[in-house]
Amino acid sequence: MGAPRTAPILVASNRGPVSYGLGEDGSLTAKRGGGGLVSGLSAIGSDSGAVWVCAALGEGDREAARRAGTSHLNPGDTGGQQVRMLDIAPDVFAAAYNGIANSVLWFIHHLLYQTPVEPVFDAEFAEQWAAYETYNAAFADALAQEAVAEAVVLVQDYHLALVPAMLRERRPDLRIGHFSHTPWAPPDYYRLLPDQVAADVLRGILGGDRAAFLTERWATAFADCCAAVLGAEIVRDGDGDGGEEGSGAATAVRFEGRETRLGVHGLGADAGFLRERSRQADVDERLTSLRAQIGPGRKSIVRVDRTELSKNIVRGLLAYRRLLETRPEWRERVVHVAFAYPSRQDLAVYRDYTERVRRIAEEINAEYGTEGWTPVALHVKDDFARSLAAYRLADVALVNPIRDGMNLVAKEVPVVSERGCALVLSREAGAYAELGEDALVVNPYDVEATAQALHEALRMSDGERADRTKRLAAAATALPPQAWFLAQLEAL
Ligand code: G6P
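Quick caveat: nothing in here was measured; it's all calculated off a predicted structure.

(A) View of the nonpolar core. By size, the foremost hydrophobic cluster in this structure holds 156 residues, and its most contacted members are L10, V153, V396, L423, V424, L425 and L454. When residues in this core are grouped by element, the largest group, 10 residues, is from helix α3 (residues 90–109). When we break this core down by domain, the ones giving at least three residues each are domain 1 (7–267 + 483–491) and domain 2 (271–476). Ignoring sequence-local partners within four residues, the contact set of L425 consists of V399, A410, A431, Y432, L435, A439, L440 and V441.

Structure representation (structure tokens):
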């Protein structure tokens, strides 16, 4: 049994390009998967011969995966892409995805723990960790089955940190890369993890030929963790043949007789797709209704996020409240259009956070709203067309994450914007490395400074806004998804 070995290129990620809804009559409806990872990887193209291995996330997915067995999903559902969806036992999946990936590894890399009380590494954690190993092994098995001799395998993100080493054991002939779509924690914070787990995650990724990141900063942090936790040797730019040490960026990690090269690929926005998509009729319709909601002559501050702790939506709202408090001239003249789409609602901290966002938005509206003006327009229903409409009309975009691997919203807004849009950007977003010069840069924890940046953004002259937007758009599209993907293949 098992799929034949046919794939010259394989991609593996937890979330795949498609997710399924299950009707009461047992019918399945396919929908495009969400999030930055899927947007980037969708550029693979169906004619590359690549096979994408992903996990079944919900009931609909599980049903589709069961029906397909070890075959690929119906290409009609996936835009022609060959997709193998793994039906992993629900309890194993929940422990690996909710327990380890999204509650532990995500929290570590985004520095989200409130450390006097969190994290707690107890017996439940140990069980979840065992499930994470099982779940990673299921991916390694499927990839080993699908890959032709010497195939290239691109493993994605913190869900699958153990896969490179597991796959090398099963198939030493393959060329294996790992790509992190998140930040990487600095060593002192990373070492909150139990020692064995901290070491296993690094060893897992070092099992590949290459480990790649969205920015230099995250690649350096990874190398620093390898040195601090494993005692691995870091190879740096400028290291001489005579053994003298270079002082430049880390380029590889040497550990137990193997070398894993490091790479940086700053995923950019897909200008062609965005410009085309944002001019379609459904976006026009939403533009009209958003304009009506904002009201004539008013400016808009737009944000678009998953309702995610690392996105810092609450401090964004507090900064807006502070703006209205300290700069009364903006009252009735601006609307904060906040799209906060539900995410990871199986986790109580995410549900609580979603609730806080809703409450603070209501408080601001109660405090400052007037008969003809609602200061915050909060939308929680995921709607890509409406996000694009907001990008078109935004005067200011607020992107203030506590920490973010890249943040594609910061890159998409300048591409789609019609009249130019001022960008208020956290220095802790990966996108800061490329967009920092033309954005209004903030420390995401500093509510007061964020309020001041919003004020400056609103006041920016039309000419300056347009000039900055042009430069931001050029920087944001330097490495579009297709080129980003090809660069990784070539490097392997
Ligand atoms: C981030 C992660 C991705 C993930 C996405 C959506 O961008 O890096 O791996 O797919 O969030 O999160 P979710 O848990 O819904 O897949």
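(B) How the structure looks around the sheet that holds strand β4 (residues 50–55). One open sheet accounts for nine strands, arranged β5-β4-β1-β6-β7-β8-β11-β10-β9; its pairing is mixed. Since the sheet does not close on itself, it has two edges, and those belong to β5 (82–86) and β9 (233–236), each with one partner. Shown here is a sheet whose adjacent strand axes are inclined to one another by a mean of 20 degrees, direction ignored. As judged from the three bridges shared by strand β7 (residues 175–179) and strand β8 (residues 210–213), these two strands associate in the parallel manner. Bridged to G177 within β8 is R210.

(C) Broad picture of the sheet that holds strand β17 (residues 440–442). Spatial strand order, β14-β13-β12-β15-β16-β17: six strands in an open sheet with parallel pairing. Each edge of the open sheet is held by one strand with a lone partner, namely β14 (376–379) and β17. Put simply, the sheet's adjacent strands are angled 20 degrees from each other on average, direction ignored. Note that strand β12 (residues 299–306) and strand β15 (residues 396–399) share two bridges and pair parallel. Residue I301 lies in a different strand from β15, and its bridge partner there is V396.

(D) Summary view of the site of the ligand. If you check the shell around the ligand, you find R15, G35, G36, L37, N102, D157, H181, T182, S343 and R344 and nothing else. Of the residues that constitute the shell around the ligand, the class distribution is one nonpolar, six polar and three charged.

(E) A look at helix α4 (residues 123–146). Counted at 1.5 Å a residue, the expected span for α4 with its 24 residues is 34 Å, and the 35 Å between its end C-alpha atoms agrees. For α4, the complete set of buried residues consists of Q128, W129, A131, Y132, Y135, N136, A138, F139, A140, A142, L143 and E146.

(F) Layout of the pairing of strand β6 (residues 147–156). Judged by how many residues are buried, β6 sits mostly within the fold: seven of 10 residues are covered. Pairing between strand β1 (residues 7–12) and β6: five bridges, direction parallel. Bridge assignment links I9 to a residue of β6, and that residue is V152. Looking at chain direction, β6 and β7 are connected through five bridges and run parallel. By the bridge assignment for β7, Q156 is matched with F179. In this fold, the crossover linking β6 to β7 by way of helix α5 (residues 163–170) has right-handed handedness.

(G) Inspection of unusual backbone geometry at higher detail. Residues E118 and P119 are joined by a peptide bond in cis, for which omega reads -10 degrees. Looking at the element boundaries, P119 is found in the loop between α3 and α4. One non-glycine residue, E256, lies in positive phi territory at about 50 degrees. The class for E256 is exposed, based on 8 C-beta atoms found within 10 Å. Of note in the backbone geometry, N407 takes a positive phi value of approximately 85 degrees without being a glycine.

Analysis parameters
- Residues numbered from 1 in each chain as written.
- Predicted model: local features only at pLDDT ≥ 70, side-chain atom pairs only at ≥ 80, totals over all residues.
- Core = buried A, V, L, I, M, F, W, Y, C linked by C-beta atoms within 7 Å.
- Buried ≥ 20, exposed ≤ 12 C-beta atoms within 10 Å, placed from the backbone.
- Helix = DSSP H or I, 4+ residues; strand = E, 2+ residues; numbered from the N terminus.
- Domains from an automatic or database assignment.
- Contact = placed C-beta atoms within 7 Å.
- Pairing = 2+ DSSP bridges.
- Axes fitted to C-alpha atoms, helices over the stretch in contact; angles between N-to-C directions.
- Near = placed C-beta within 6 Å.
- Nonpolar A, V, L, I, M, F, W, Y, C, P; charged D, E, K, R; others polar.
- Expected span 1.5 Å × (residues − 1).
- Right-handed = clockwise from strand over helix to strand, strands pointing away.

By themselves these figures say nothing about function.
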